[in-house]
Every structure is written in structure tokens, then in C-alpha cells.
Amino acid sequence: MNRFARYALRIASLAVALGLWQLLTSRDIDLWLRFSQFPTVTDVAHTFADRLAGPDYWTDLTDSLTRILTGFLLAAVLGVATGVLVARSRLAEDLLGPVLEVIRPIPAIALVPVAILLFPSNEQGIVFITCAAAFFPVLVSTRHAVRALTPVWEEAVRTMGGGRWRVLGSVVLPGALPGVFGGLSVGIGVSWICVISAEMISGQYGVGYRTWQDYTVVDYPGVFVGMVTIGVLGWLTSTAVELLGRRLTRWLPRTAHVPAARPKPASAGAAPSPARAAVREDIPAHPEEARDEHLVRD
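Let us look at the structure shown here. None of these values were measured; they are calculated from a predicted model.

### Comments concerning the overall build of the chain
Turning to step 1, where the next piece is worked out: A count of helices and strands for the chain gives 12 helices and two strands.
Turning to step 2, where the next piece is worked out: Ordering the α and β elements of the chain from the N terminus gives α-β-β-α-α-α-α-α-α-α-α-α-α-α.
Turning to step 3, where the next piece is worked out: Within the chain, the fraction of its 298 residues that count as buried is 31%.
Turning to step 4, where the next piece is worked out: Across the chain, contacts joining residues at least 24 apart in sequence account for 67% of those joining residues at least 6 apart.
Turning to step 5, where the next piece is worked out: Carbon and sulfur atoms make up 65% of the accessible area of the chain, which amounts to about 19,800 Å² in all.

### Description of the nonpolar core
Turning to step 1, where the next piece is worked out: Ile 129, Leu 184 and Trp 192 are the most contacted members of the largest nonpolar core, which has 46 residues in total.
Turning to step 2, where the next piece is worked out: Of all elements in the fold, only helix H3 (55–88), helix H5 (112–118), helix H6 (122–147), helix H8 (164–202) and helix H10 (220–248) reach the threshold of two or more residues within this core.
Turning to step 3, where the next piece is worked out: The dominant element in this core, judged by the number of residues it contributes, is H8, at 13 residues.
Turning to step 4, where the next piece is worked out: The contact partners of Trp 192, leaving out residues within four places of it in the chain, are Ser 64, Leu 65, Ile 68, Leu 233, Gly 234 and Thr 237.

### Description of the packing of H6 against H8
Turning to step 1, where the next piece is worked out: It is at 7 Å that the axes of H6 and H8 come closest, and there the two elements cross at 155°. Our classification of the angle between H6 and H8 gives roughly antiparallel. Like other packed secondary-structure pairs, H6 and H8 cross with a definite hand, here right-handed.
Turning to step 2, where the next piece is worked out: Broken down by class, the residue content of the contact of H6 with H8 amounts to 17 nonpolar, 10 polar and one charged.

### Things to note about a nonpolar patch on the surface
Turning to step 1, where the next piece is worked out: Where nonpolar side chains cluster on the molecular surface, the patch consists of Met 200, Ile 201, Trp 212, Tyr 215, Val 218 and Tyr 220 and spans about 590 Å² of accessible area.
Turning to step 2, where the next piece is worked out: For the nonpolar patch, the secondary-structure elements that each account for two or more residues are H8 and helix H9 (207–216).
Turning to step 3, where the next piece is worked out: By relative accessible area, which is 38% here, Trp 212 ends up partly exposed.

### Comments concerning the environment of Phe 35
Turning to step 1, where the next piece is worked out: Within the secondary structure, Phe 35 is located in the loop between strand S2 (33–34) and helix H2 (41–53).
Turning to step 2, where the next piece is worked out: Each C-alpha atom, one on Phe 35 and one on Leu 23, is 9.7 Å from the other, the two residues being 12 residues apart in sequence.
Turning to step 3, where the next piece is worked out: Not counting the four nearest positions on each side in its chain, Phe 35 is found in contact with Leu 24, Thr 25, Ile 29 and Asp 30.

### Section: the packing of aromatic side chains
Turning to step 1, where the next piece is worked out: Evaluated as defined, the whole model comprises nine aromatic pairs.
Turning to step 2, where the next piece is worked out: Here Trp 21 and Phe 224 contribute two aromatic rings whose centre-to-centre distance is 5.5 Å and whose plane-to-plane angle is 40°, an arrangement assigned as tilted. With Trp 21 in helix H1 (residues 3–26) and Phe 224 in helix H10, the pair connects residues that are 203 residues apart, well separated along the chain.
Turning to step 3, where the next piece is worked out: Feature note: the residues Trp 21, Phe 35, Phe 38 and Phe 224 constitute an aromatic cluster, connected by ring pairs.

### Notes on unusual backbone geometry
Turning to step 1, where the next piece is worked out: Not every positive phi belongs to a glycine, and Asp 28 is a case in point at roughly 55°.
Turning to step 2, where the next piece is worked out: Position of Asp 28 relative to the elements: it lies in the loop between H1 and strand S1 (30–31).
Turning to step 3, where the next piece is worked out: A residue is classified by how much of its surface remains accessible, and Asp 28, at 49% relative accessible area, is partly exposed.
Turning to step 4, where the next piece is worked out: The backbone of Val 218 sits at a positive phi, close to 60°, despite the residue not being glycine.
Turning to step 5, where the next piece is worked out: With respect to the element layout, Val 218 can be found in the loop between H9 and H10.

### Quick notes on the packing of helix H4 (residues 90–103) against H6
Turning to step 1, where the next piece is worked out: Direction vectors running N to C along H4 and H6 enclose 135°, while the axes themselves pass 12 Å from each other. The orientation of H4 relative to H6 falls into the category oblique. The two elements H4 and H6 meet at a crossing, and its hand is left-handed. Residue-level inspection shows Glu 93, Leu 100, Glu 101 and Ile 103 of H4 in contact with H6, the latter providing Phe 135, Phe 136, Leu 139, Arg 143 and Arg 147.
Turning to step 2, where the next piece is worked out: Across the contact of H4 with H6, the residue classes tally to five nonpolar, no polar and four charged.

Here is what the cut-offs are and how they apply
- Residues numbered from 1 in each chain as written.
- Predicted model: local features only at pLDDT ≥ 70, side-chain atom pairs only at ≥ 80, totals over all residues.
- Heavy atoms only, no water.
- Helix = DSSP H or I, 4+ residues; strand = E, 2+ residues; numbered from the N terminus.
- Buried < 20%, exposed > 50% of the residue type's maximum accessible area, 1.4 Å probe, protein only.
- Contact = heavy atoms within 4.5 Å.
- Areas by Shrake-Rupley, 256 points an atom, 1.4 Å probe, with all protein chains shown as cover.
- Core = buried A, V, L, I, M, F, W, Y, C linked by side-chain atoms within 4.5 Å.
- Axes fitted to C-alpha atoms, helices over the stretch in contact; angles between N-to-C directions.
- Parallel < 35°, antiparallel > 145°, perpendicular 65-115°, else oblique.
- Left-handed = near helix turned anticlockwise from the far one by under 90°.
- Nonpolar A, V, L, I, M, F, W, Y, C, P; charged D, E, K, R; others polar.
- Patch = residues over 30% accessible without salt bridge, like charges linked within 9 Å, V, L, I, M, F, W, Y side chains within 5 Å.
- Salt bridge = Lys/Arg side-chain N within 4 Å of Asp/Glu carboxyl O.
- Phe/Tyr/Trp six-rings, centres within 6.5 Å; stacked < 30°, edge-to-face > 60°.

In C-alpha cells, the structure reads:
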């Protein structure tokens, strides 16, 4: 399947989902799930167009993006640094490991009361919650990726006179990049969940704050506008992280999604292939192999 056909299939699947949504809501169909309470696609589209024409939507969008990017970048730097430190140093693992493992199971959104008490403004508290949400996925992925590196690479660098920083820059960080970006992809999604929840609880402006306000005034099309905005923003940021990861790990082999072809059965009168003849008659299939074998025997 070529690229055009794949994009056409994706657009078709999205169109089918929207068409089903419009059908169920416009006909007020209730099949245990109460679709009659939902706004139709056209209602959401009209509300979306009205929001785009006003300044409040863009203000909310800017505030949410500023919070998510600030918290996520802090989490990326701190998570990678802490993950490498814990994976490479037994002292750091003994000092930081127990504290991190106790805090890690706590949901980031449960830290809202702590953020309110700890930080002087709600804005700083929301950034803190966003950072905490992405920090642990990045930390865990980095730690596992560093520990999974083969020791041969580090030994090769040290044999050629490389020191600790040379090993870190030439072996540890490049080798751990695939795992690091796996944690970043998970972390950006979790960050969106927590920043929207934090905006609903204690935010001023932002997509989450506006979505909750629409719910309190029973503006359900506005609620769905907020949900669609969150989904699109999450998809765009996740795609950006994935594309950056692919660009920085271009040296990795890529798996092609091509089904393996079945080998054709050999006909009765066909001559055996060189590889099969080599296996049966113990003769190397290539002249170079024959030459090397001859040199070894001599």
C-alpha cells in the first residue's frame, strides 16, 4: 500500500467516525448509551467557528501551550539527567532510588494541593504538575535504556583513551536515545492529561479551564470544542516528539512493513542453487570463500 492510499484510508476512517457521531446524535438514538444528550457534529462545528473568531480561544490556547512546553522541557532535562545518573552511579541509586520509587506511584494530579501550598502562584503550580507528570516516564525509560547498553561499546572508547565524559557523549547518550524518546512520547501525553486537569481545578484561562466553565454553564458544544482542541494539540505535540526522535536516531535500522515473499518451489529439472550445492557437497558457494578455505588448509 503506497503512502497516498494510507492517507486516504486514515481520512476515510475519520470521516466514518464523524458520520456515525452525526447519525446517532441527530436521530436521538439511545441504545443504553444516551446519544440524545450529545451535541451533533454540526453544532460543535458552528461553536468551533465562533470560538476561532474570538480572542478568548487563542488566549486559552497560548496559555495551555506555554504551560505544557515549559513543564515538559523541564521534565525532559531533569528526567534524562536523573535517569543517567541513577543508572551509572550506585551511590546516586542508593540515595535517590528509594525516594523516587516512593513518589513515582503518586498520580501527578494528586499533587495539586501540594502545588497550591508550595508555590506562590497557580501558574507555577500548574507547570510543576505538568513537569511531575512527564518526569517519571522519562526517568524510567532513560534508566532502563542506559542499563541495557552493551559494555563492549564503553570498553572500546576507554581502550582508545576516552574518559568518563567521552563515554557519556559518545556511548551512553546516543545509545540510550531510542529509549529516551520512548519515555518522551509517553510523557507528553501524560502531561496533557495533567495540565488540563490542573487547569480545571486551579487554573485561570487555558483550554482545560474553558472546558470546565462550559460544562458548568451547560454549554455542551463548547465542551466538545475543548475536547477536540485537546486531542488535536496532543496529537501535534506527540507527532513533533516522534519526528524529532526519528531525526536524531537516523543511524538506527528501520523496519520496512513489507510482507516476506514465499520462496518459490524448485522444479524437478532445475539446477540446485549455489547455496544448496555448497551445503550438500561441502563446497563454498562463493569464490572468495573457496580462496580463504584454501589458504587455511595450506
